[in-house]
Each structure stands twice: as structure tokens, then as C-alpha cells.
Amino acid sequence: GDSRPTYETQPYVAEPVGEGWEEFVKAELDTAAEQAGDKVFEEGIALVVANDGKVLRRGVGKVPWRQMVDELEEAVTGEEKEKANPLLDFIE
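In every chain, residue numbers begin from 1 and rise along the written sequence. Since the coordinates come from a predicted model, pLDDT governs what is reported: local features require at least 70, and pairs of side-chain atoms require 80 or more to be given and counted, while whole-chain, interface and lining totals use all residues. By convention in this description, side-chain values take in all heavy atoms of the structure and omit both hydrogens and water.

Quick look at the overall build of the protein now. The helix and strand tally for the protein stands at four helices and two strands. N-terminal to C-terminal, the α/β element order of the protein is α-α-α-β-β-α. For every residue, the accessible area obtained with a 1.4 Å probe (protein chains only) is divided by the maximum for its type, and the residue is called buried under 20%, exposed over 50%, and partly exposed between those limits. Counting only residues that meet the buried cut, the protein has 14% of its 92 residues in that class. By definition, residues are in contact when any of their heavy atoms lie within 4.5 Å. Of the contacts made within the protein by residues no fewer than 6 positions apart, 22% connect residues no fewer than 24 positions apart. Per-residue and other accessible areas follow the Shrake-Rupley method at a 1.4 Å probe size, with only the shown protein chains counted as cover for residues. Here the protein displays about 7600 Å² of accessible surface, and carbon together with sulfur accounts for 51% of that area. Here a helix means four or more residues in a row that DSSP labels H or I, a strand means two or more in a row labelled E, and each is numbered from the N terminus.

This brings us to the pattern of salt bridges. One side-chain nitrogen of Lys or Arg within 4 Å of one carboxyl oxygen of Asp or Glu is enough to make a salt bridge. In this structure the tally under the stated criterion is three salt bridges. Here Glu71 ties to Arg57 by a salt bridge, and the two come within 2.9 Å at their closest N and O atoms. On the criterion of sequence distance, the pair formed by Glu71 in helix H4 (residues 65-77) and Arg57 in strand S2 (residues 55-60) is long-range, its members being 14 residues apart. Taking the relative accessible area as the measure of exposure, Glu71 reaches 24% and is therefore partly exposed.

Look at H4: 18 Å from first C-alpha to last across 13 residues, which is about the 18 Å you get at 1.5 Å a residue. Among the residues of H4, those classed as buried are Trp65, Met68 and Glu74. In the stretch just after H4, Gly78 is the one whose phi turns positive, near 80°. By definition here, a helix of n residues has an expected span of 1.5 Å times n minus one.

These figures come from the coordinates and say nothing about function on their own.
Below is the structure:
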């Protein structure tokens, strides 16, 4: 089987709960489609949301989970994590 953590192998970390999520996601999809085209509806979008509700990152397509977890941890703790490959930092 796959030895990666479950947050790296499933299509989501948590399902949204509560009122207003459908409208919120539709608005996010529509905005993404305006910016990236109709491929958004096929590839999907990813939203990284902190526990306080702040959207930390938006993206189209598959999520680089480890990078997202590191960024979320940095946002919460304020401590920057060491990059796996510092030679690629210029790409970000």
C-alpha cells in the first residue's frame, strides 16, 4: 500500500460543514474559470483554509499536499520550515 500520510493521498483534508459553502465554492470556481479558463471545471480547485477561516491559498488542479501542510504550519506558528530543495526557491 501507499505509505504516505492520508492527507497526501486523498482529494481533500476535510469536507466543508455549515451554511454558505456551496455559494462560496461556486464563486471561487467562477473566479478561477475567469482567470484560468474552463479547465478549472475538469481539474477542480483547491482551497487551503486555516482554522480561523482565513483562505491561505487558492489553486487549480492537484494539490502539492506536503507544501500546503508546511505553509499552513508556517502561517499558524510563524516559524518558517526548511525547504526540501532550496535551489528551487526562485520558482515560488
